[in-house]
Amino acid sequence: PVEARGIAPSSEADRFTLIKRLHYDLLGLPPEPEEADLFASDPSPDAWERLVDRLLASPHFGERWGRHWLDLARFADSDGYEKDRARPDAYVFRDWTIDAINMDMPFDRFTLEQVAGDLLPGAGARQRIATAFHRQTLTNEEGGVDQEEFRVAAAFDRTETLGTVWLGLTVGCARCHEHKYDPIEQAEYYRLFAFFNGSEEVTPKVPVAADDLDALERELRPLEEALEARHAALAPRALAWEAEEHRRIIAQPDSPLEELPLDAAPIEPAGGSEADRDAAVLVAPAPARPITGFRLHVLPDDGIAAEGAGGAAGGPAAGGRFVLTSFQASILRDGEAGRPIELHRAQADATEKGFSVAEVLAPDAPGRKGWAPGGEAGAPHWIQLRTREPLQLAPGTRLRFRIARGAAAGRSIGRFKVAALAGGVRGLHIAEKEIADALEMYPEKRVAKTARDLFEHFVERVARDEEALELEQRIAEARRRHGARLMDVRVLGRPLVPRRTRVFDRGDFLAPREEVEPGVPAVLPPLEPRSAPADRLDLARWLVSPGNPLAPRVASNHVWRHLFGAGLVRTANDFGVRGERPTHPELLDWLSRELRERLAWSRKALIRRIVLSAAYRQASRWRPELAGVDPSNALLARQGRFRVEGEVVRDVCLAAGGLLSRRIGGPSVFPPMPEDLAALSYANSFTWKASEGEDRRRRGLYTFFKRTIPHPSLTTFDCPDANVACAQRTVSNTPLQALLLLNNAVHVEAAQALARRVLEERPSGGDGDRLAYALRLCVTRPPRPEEVAALERVLAAARAWYAGPDGAREGEAGELAGALGPRGVPAAEAAAWVAAARVALNLDELIVRE
């Protein structure tokens, strides 16, 4: 198109611009001056090609291009919505993305593992982790919300993300009605939706490291497949049990739990055995109402030394705390020995770390310690235990209680009282209250975790299936032998019971209409499932099938956009009829065919082919003669010039000062952030404790991203909010950005380090030589004399300011120089160099990719 309009392409950019451009595009990091000089002086015809290959092989390539993919995956470290709880496992998916891109995983396999890795034959931990692409959706854990509503919302998001990322289509418009512009019917939207509606969110313990992870995967695969098959065989029995228990529970009276006071009196235990010395024994008349449990109240008493329940009454050894080792109840009748009352479901108002309320029910278990309350010392505490069924005792029946206290540890109980409980009968026969509550819940209201907890309870406690339990034990043993490090990882899996999908009237999940099967829009190539109904693996294979024209075009367009600043289709998220037509349709077709057919879906090979082209190597200088012909550079008569992303702004500043940590992967970190921002979190539930040492200076890619309170350095430079897939970031230019580069704590530290680096690496040079070196560290190219002279004037003005009359500004100078600033020079001189470094780091050319 350029030549057809009679327009000549721009000449090739100079060598310094080219190496900086390639470093920014492929690594997101600046080249060192020595690297730039070596490339600029290399006369070899293959110098550029060798540079390209070296950078493509760098492990930092996966960080740079992984960040691009994480925009599409709407990656964040928190749940979103009001509570916005942290996701400690989120980084595992980020690490998977970096590794997959570094190893140049073919894009078709990259697609299969993320869309349906759990369904691939022989799927292991890595494939399951890949499906965390779908778990980047927002999760609402507020009290009282309808979990089914938000499960459906997550499936909507996954459907529409798939449309954006792989099809480049705004399929979400058809959620509520027929698509107004693209030929997608509402029923076709719900056929796509069915692929995700038929999945469930799971959070298994996944091995993320081991002495030999591949060997562990090989050993685990047959065991996990056998366990999955056994679980499938048990599923019908588990569902029947759940249904029966649900009917039984909802048929029981729904009465509130009440406390019945008891007139208990202490007695001396018969025989006075050694075991009873630290126990209190009480007898009380049984209440007339049916008993459903007992509650022990431990009360503070200022008059009791070293045995009070609170700190005021407790002595120095106990601190007012105590331990309850067992609570036993039995029935006494005249002429009849005590009959034990079976108790379960122990609960307490608080429990100290290292103790367990359940140990009160198992006094003979080895290694048990009992229950100790956590929380505030000097406050009352309680523990309650429930019966397995209501006990209606005859008049005149007495109850006997034996309460064992941890006097041997100096933590005996002082003042207390015992009460009986009545009511609260629903689900009383189930030992775990959480399981009883889940069984009471109507099945359609249970979220995936609830359904999974019920199934595991059935396998372990009800069926006690030896085959499944043995397989679980063998899996655990294999992990121990291989030294596996396990993490709870949010991934996508298959539900125990397939769900049916219906079209929702106007997108309202409470208004279902006709049922639909999984499928794809009729305007696109047909889906050929392995069997009916189709699943996510069929969908994933369809996305990258030879007949589907969209996935390779959308992928190629994303690559082009990151290398030129704009895609060949400028509406990167909309390849539909309302999107912009390709500026170079033949080029887009050629790139997509090359990617799929000749390059075997290799991302690196496609990037290599593009950056070796003359089009990529053009200068980016503005050409006034094209202002009226091609103001947006759609004809590609020059290269693009654009500011780098917010994460890279941080990276290049830290790299210039020599502070940047080059460590790859691992948990997210917390660079300095204003404390009052973290205080805005829900109910003060979040604190931002700034990382120390190397973690303080990790790449921006690793900064903890809390959706409701993202780091201001990122949002100031237009990082997306991670609520939905971002196919193309916006780019703004505001005064706040310049102020951030001057005053943000991390950037001030970068300036201090840059000043020290210049003085230490140029110990014998004059001011001009040193300042020229500082500029080179920031902009790569050799600076012009007038640029060095301008920075010399800044340095001279700063020296005069910080010298001040009679050293009046010495404190201010010392604060600016900080611990990272130049060493071995007076504070005023150090501060002047830091001031000059701040100016160098604020240059537009540092954060702009030419």
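Every chain begins its residue count from 1, and numbering advances along the sequence as written. Given that this is a predicted model, residues contribute local features only at a pLDDT of at least 70 and side-chain atom pairs are listed and counted only at 80 or more, while totals for whole chains, interfaces and linings are drawn from all residues. Only hydrogens and water are removed before side-chain values are computed, so all heavy atoms of the structure are retained for them.

Q: Would you take a moment to explain the sheet that holds strand β10 (residues 381–391) for this structure?
A: The five strands are arranged β3-β12-β6-β10-β9 in an open sheet whose pairing can be described as antiparallel. Edge positions in the sheet fall to β3 (258–261) and β9 (343–348), since each of these pairs with one other strand and no more. Each adjacent strand pair in this sheet contributes to an overall mean axis angle of 30°, direction not counted. Pairing between β9 and β10: four bridges, direction antiparallel. From the neighbouring strand, H344 faces β10, where its bridge partner is R386. Two strands are counted as paired when DSSP detects at least two bridges linking them. Helix numbers and strand numbers start at the N terminus; a helix is a DSSP run of H or I with at least 4 residues, a strand a run of E with at least 2. With axes taken as lines fitted to C-alpha atoms, and helix axes fitted only over the stretch in contact, angles between N-to-C directions fall between 0 and 180 degrees.

Q: Just checking my understanding: could you explain the packing of helix α1 (residues 15–26) against helix α3 (residues 47–56) for this structure?
A: Taken N-terminus to C-terminus, the directions of α1 and α3 make an angle of 20°; their axes are 10 Å apart at the nearest point. For the element pair α1 / α3, the angle class is roughly parallel. Classified by chirality, the crossing of α3 by α1 is right-handed. Residue-level contacts link R15, L18, I19, L22, H23 and L26 of α1 to A47, W48, L51, V52, R54, L55 and L56 of α3. Residues are sorted three ways: Asp, Glu, Lys and Arg are charged, Ala, Val, Leu, Ile, Met, Phe, Trp, Tyr, Cys and Pro are nonpolar, and all the rest, Gly among them, are polar. Taken together, the residues that form the contact of α1 with α3 break down as ten nonpolar, one polar and two charged. Here the word oblique covers every angle except those under 35 degrees (roughly parallel), over 145 (roughly antiparallel) and from 65 to 115 (roughly perpendicular). The crossing is said to be left-handed when, going from far helix to near helix, the turn is anticlockwise and less than a right angle, and right-handed when the turn is clockwise. Residues are treated as being in contact if the distance between any of their heavy atoms lies within 4.5 Å.

Q: Would you mind showing me how to read the pattern of salt bridges here?
A: Side chains carrying opposite charge are able to pair once their charged atoms draw close together. A side-chain nitrogen of Lys or Arg and a carboxyl oxygen of Asp or Glu constitute a salt bridge if their distance falls within 4 Å. This structure, assessed with the given rule, holds 71 salt bridges. Notably, a salt bridge pairs D465 with R230, separated by 2.6 Å at the nearest N-O pair. Placement of D465 in the loop between α12 (448–462) and α13 (466–481) and of R230 in helix α10 (residues 213–250) is noted, with a sequence separation of 235 residues between them. Type-normalised accessible area, obtained with a 1.4 Å probe on protein chains alone, sets the label of each residue: buried when under 20%, exposed when over 50%, and partly exposed for intermediate values. For D465, a relative accessible area of 8% puts it in the buried group. Taking relative accessible area as the criterion, R230 reaches 22% and is therefore assigned partly exposed.

Q: Is there a simple way to explain helix α4 (residues 60–72) in this structure?
A: In an α-helix, one turn spans 3.6 residues, which is why side chains three or four residues apart end up on the same side. The span you would expect from a helix comes to 1.5 Å times its residue count less one. With 13 residues, α4 extends 19 Å between its outermost C-alpha atoms, agreeing within 8% with the 18 Å of an ideal straight helix rising 1.5 Å per residue. In terms of residue burial, α4 counts as a mostly covered element, since 13 of its 13 residues are buried. Just past α4, the residue R74 takes up positive phi, approximately 45°.

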